[in-house]
Protein chains: 2
Amino acid sequence: MTEARDRLSSPAAPYGSRRMSSARRAIAETAALMDGAFTAESLHDRVVASRPGIGLATVYRAVAAMADAGYLARVGERDGAALYAVCGHDGHHHHAVCERCGAVTPVECAFVPSALPAGFAMTRHEVAIYGVCAECQGSERGGSR
Amino acid sequence: MTEARDRLSSPAAPYGSRRMSSARRAIAETAALMDGAFTAESLHDRVVASRPGIGLATVYRAVAAMADAGYLARVGERDGAALYAVCGHDGHHHHAVCERCGAVTPVECAFVPSALPAGFAMTRHEVAIYGVCAECQGSERGGSR
DNA sequence: CCGTGAAGTGAGAACCGCTCTCAGTTGGAG
DNA sequence: CTCCAACTGAGAGCGGTTCTCACTTCACGG
Ligand SMILES: [Zn+2]
Ligand SMILES: [Zn+2]
Ligand SMILES: [Zn+2]
Ligand SMILES: [Zn+2]
């Protein structure tokens, strides 16, 4: 919890320069506690457990703001729902997601412009990597995240 | 049109080994004529123009079957809708999509396993590349695809 | 300290891409 | 030709996400 608070008070605020409300604080703190990937809905479930009354729409809005500010990253999707994770790393990179336990690990971007068609000006790219992490391979049953 | 027919009668049938109905033939032929990326709905629009009465669900089912058979590839998304394109190339690769005209070009996969976290067993990955193709950069107004 | 206005919130409706259901049709094996 | 599993069209349904609107709350200036 102190760890979460530390991260929240660090230079890059979760919401950039926007206004901070008590709901947003609770949502950002809960996000920091989720280790591994989460959906907006699963984050909402957990936020509500400790702060009843927070609406789903508010969580969606907070997640969008945090992703916008670079505090969260979209790391893939599961059953049609977007997966997010707290991303403290700088620079461009992607994320590997364990489909068993949800653990997220940063992955260096392997993109080389020379592989692109001649003259193509890339504006954006998305990479999602799914698999099973080392820990989950070791144990029969999945992890607990 | 003959070109489309040729491709359809080539070794790899659009639907694999499934049954071929008149609706599916029309859908596959229309898909072959779309050059560039398309959504299920835009394909449906175009199929209906020449073959009224074909339902949207049928197009969704046909697209799923063709993607399953490897005849179509999912190349990205636009406004929340999946983008597909005819993909005649063999082997693992990805696609660059022009956001202006929809042109799709195959891109070699630049993925190196060494970039992954140690012990992580990747089962799957998705890559979507967006940008502006050389042709569209040359002309002020966008292309016509 | 208050007053004020913009930003944020909660509830629920709305949206939209997609899938499912069901009764009717059709392709193709035999 | 017969027969049935695969396929089809229409529309209902689903689920994640966004929108609307009346209300609250934060941050700031006075
Ligand atoms: Zn990261
Ligand atoms: Zn990258
Ligand atoms: Zn291709
Ligand atoms: Zn690849």
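Rules used throughout
- Residues numbered from 1 in each chain as written.
- Chains lettered and ligands numbered in written order.
- Predicted model: local features only at pLDDT ≥ 70, side-chain atom pairs only at ≥ 80, totals over all residues.
- Heavy atoms only, no water.
- Helix = DSSP H or I, 4+ residues; strand = E, 2+ residues; numbered from the N terminus.
- Buried < 20%, exposed > 50% of the residue type's maximum accessible area, 1.4 Å probe, protein only.
- Contact = heavy atoms within 4.5 Å.
- Areas by Shrake-Rupley, 256 points an atom, 1.4 Å probe, with all protein chains shown as cover.
- Pairing = 2+ DSSP bridges.
- Expected span 1.5 Å × (residues − 1).
- Salt bridge = Lys/Arg side-chain N within 4 Å of Asp/Glu carboxyl O.
- Donors = N, O, S within 2.8 Å, 3.2 Å for Na, K, Ca; no water.
- Tetrahedral: all angles 85-135°; square planar, octahedral: opposite > 155°, others 65-115°.
- Least-squares fit on C-alpha atoms with pLDDT ≥ 70 in both.
- Axes fitted to C-alpha atoms, helices over the stretch in contact; angles between N-to-C directions.
- Buried area = accessible area lost by both parts, 1.4 Å probe.
- Near = heavy atom within 4 Å.
- Polar contact = N/O pair within 3.5 Å; in protein donor to acceptor, adjacent residues only side chain to side chain.
- Nonpolar A, V, L, I, M, F, W, Y, C, P; charged D, E, K, R; others polar.
- Core = buried A, V, L, I, M, F, W, Y, C linked by side-chain atoms within 4.5 Å.

Novice: I would appreciate a short explanation of the overall build of chain A in the present structure.
Specialist: Scanning chain A for helices and strands turns up five helices and five strands. The helix and strand sequence of chain A, counted from the amino end, reads α-α-α-α-β-β-β-β-β-α. The buried share among the 145 residues of chain A stands at 41%. The long-range fraction of contacts in chain A, counting pairs at least 24 apart against all pairs at least 6 apart in sequence, stands at 52%. Accessible area of chain A: about 8000 Å², with a carbon and sulfur share of 49%.

Novice: Please clarify how the pairing of strand 4 (residues 104–108) of chain B should be interpreted in this entry.
Specialist: On a regular strand, one side chain projects to one face of the sheet and the next to the other, so that they alternate. All names here are of chain B. As judged from the five bridges shared by strand 3 (residues 93–98) and strand 4, these two strands associate in the antiparallel manner. Bridge pairing in strand 4 links His95 to Pro106. Following strand 3, the chain reverses through five residues before pairing antiparallel with strand 4; Gly102 in that reversal takes a positive phi of roughly 85 degrees.

Novice: Help me understand helix 2 (residues 22–33) of chain A, please; the structure alone is not making it clear to me.
Specialist: Between its first and last C-alpha, helix 2 of chain A extends 17 Å over 12 residues, near the 16 Å set by a 1.5 Å rise per residue. Within helix 2 of chain A the residues assigned to the buried category are Ala23, Ala26, Ile27, Ala28, Glu29, Thr30, Ala31 and Ala32 of chain A.

Novice: Explain the pattern of salt bridges to me, please; I cannot follow it from the model alone.
Specialist: Per the counting criterion, the structure on display carries seven salt bridges over all chains. In this structure, the salt-bridge partner of Arg18 of chain A is Asp68 of chain A, at a minimum N-O distance of 3.4 Å. Taken as a pair, Arg18 of chain A in the loop between helix 1 (2–9) and helix 2 and Asp68 of chain A in helix 4 (residues 56–68) lie far apart in primary sequence, 50 residues in all. With its nearest N and O atoms 3.4 Å apart, the salt bridge here joins Arg74 of chain A to Glu77 of chain A. Members of the salt-bridge network, linked through shared partners, are Glu99 of chain A together with Arg124 and Glu126 of chain B.

Novice: Mind showing me how you'd approach unusual backbone geometry here?
Specialist: Most peptide bonds take the trans form, and the phi angle of most residues other than glycine is negative. Residue and element names in this part refer to chain A. Unlike most non-glycine residues, Asp79 shows phi in positive territory, near 55 degrees. Mapped onto the elements, Asp79 comes out in the loop between strand 1 (72–78) and strand 2 (81–86). When its relative accessible area of 79% is taken as the criterion, Asp79 is described as exposed.

Novice: Would you mind showing me how to read the coordination of the zinc ion (ligand 4) here?
Specialist: Each angle at a metal carrying four tetrahedral donors should ideally be 109.5 degrees, and each at a metal carrying six octahedral donors should ideally be 90 or 180 degrees. All names here are of chain B. Within the protein, the zinc ion (ligand 4) binds to His92 (NE2), His94 (NE2), Cys109 (SG) and His125 (NE2); these donor distances fall in the range 1.9 to 2.2 Å. Because the angles between the four donor atoms bound to the zinc ion (ligand 4) fall within 103 to 120 degrees, the donor set is best described as tetrahedral. Each donor residue of the zinc ion (ligand 4) lies on one chain, and together they are spaced H-x1-H-x14-C-x15-H. Placement of His94 in strand 3 and of His125 in strand 5 (residues 121–132) is noted, with a sequence separation of 31 residues between them.

Novice: Quick question: what am I supposed to make of the relation of the copies chain B and chain A here?
Specialist: Relating one copy of the chain to the other takes a rotation about an axis and a shift parallel to that axis. With an RMSD of 0.1 Å, the operation that places chain B on chain A is a rotation of 179 degrees combined with a shift of 0.0 Å along the axis. A rotation of that kind, with that shift, is consistent with a two-fold axis. Minimal C-alpha separation from the rotation axis in chain B is found for Val127 of chain B, amounting to 2.3 Å. Taken together, the interface assignments show that 100% of the residues at the interface of chain B recur at the interface of chain A, consistent with an identical surface on both copies.

Novice: So what exactly am I meant to see when it comes to the sheet that holds strand 5 of chain B here?
Specialist: Remark on secondary structure: sheet strands pair via backbone hydrogen bonds, oriented parallel or antiparallel. Here six strands make up an open sheet; going across it, the order is 4(A)-3(A)-5(A)-5(B)-3(B)-4(B) and the pairing mixed. The open sheet has two free edges, formed respectively by strand 4 (104–108) of chain A together with strand 4 of chain B, since each of these has just one partner strand. Pairs of neighbouring strands in the sheet enclose a mean axial angle of 25 degrees, with direction left out of account.

Novice: Would you mind showing me how to read the interface of chain B and chain A here?
Specialist: A common measure of how large an interface is: the accessible area buried when the components associate. If you look at the interface, chain B gives 31 residues, while chain A gives 31 residues. Between chain B and chain A lies a buried interface of about 2400 Å² when both sides are counted; carbon and sulfur atoms form 61% of it. On the chain B side of the interface with chain A, the three residues burying the most area are Phe120, Arg124 and Tyr130 of chain B, jointly 23% of the side's total. Arg124 of chain A is the partner of Glu99 of chain B in a salt bridge, and the nearest nitrogen-oxygen pair spans 2.5 Å. Residue assignment for the side of chain B that touches chain A shows that the elements contributing at least two residues are strand 3, strand 4, strand 5 and helix 5 (134–138) of chain B. Looking at the side of chain B that touches chain A element by element, the count peaks at 12 residues for strand 5 of chain B.

Novice: Could you clarify how one ought to interpret the coordination of the zinc ion (ligand 2) in this entry?
Specialist: Those protein atoms acting as donors to the zinc ion (ligand 2) are His92 of chain A (NE2), His94 of chain A (NE2), Cys109 of chain A (SG) and His125 of chain A (NE2), and they sit at 2.0 to 2.2 Å. With four donor atoms in place around the zinc ion (ligand 2) and angles of 102 to 121 degrees between them, the coordination shape is tetrahedral.

Novice: I would appreciate a short explanation of the protein's contact with DNA strand D in the present structure.
Specialist: Taken together, the neighbourhood of DNA strand D is formed by 22 residues, with Tyr60 of chain A together with Arg19, Ser21, Thr58 and Arg61 of chain B sitting nearest. A share of 67% is what sugar and phosphate atoms reach among the atoms of DNA strand D within 4 Å of the protein. Within the side chain of Tyr60 of chain A, one N or O atom sits 2.6 Å away from a phosphate oxygen of DNA strand D. A distance of 3.1 Å is found between a phosphate oxygen of DNA strand D and a backbone nitrogen or oxygen belonging to Gly55 of chain B. For the surface near DNA strand D, a count of residues per class yields eight nonpolar, seven polar and seven charged.

Novice: It is not clear to me how the nonpolar core should be interpreted in this structure. Could you clarify?
Specialist: Most often, soluble globular proteins have nonpolar side chains that are buried together. Core analysis: the largest hydrophobic core is formed by 26 residues, its most contacted members being Cys98 and Ile129 of chain A together with Cys98 and Ile129 of chain B. Mapped by element, the contributors of at least two residues to this core are strand 3 (93–98) and strand 5 (121–132) of chain A together with strand 3 and strand 5 of chain B. Discounting residues that sit within four places of it in the chain, Cys98 of chain A has contacts with Ala103, Gly131, Val132, Cys133 and Cys136 of chain A together with Phe120 of chain B.

Nothing here speaks to function; it is all geometry.
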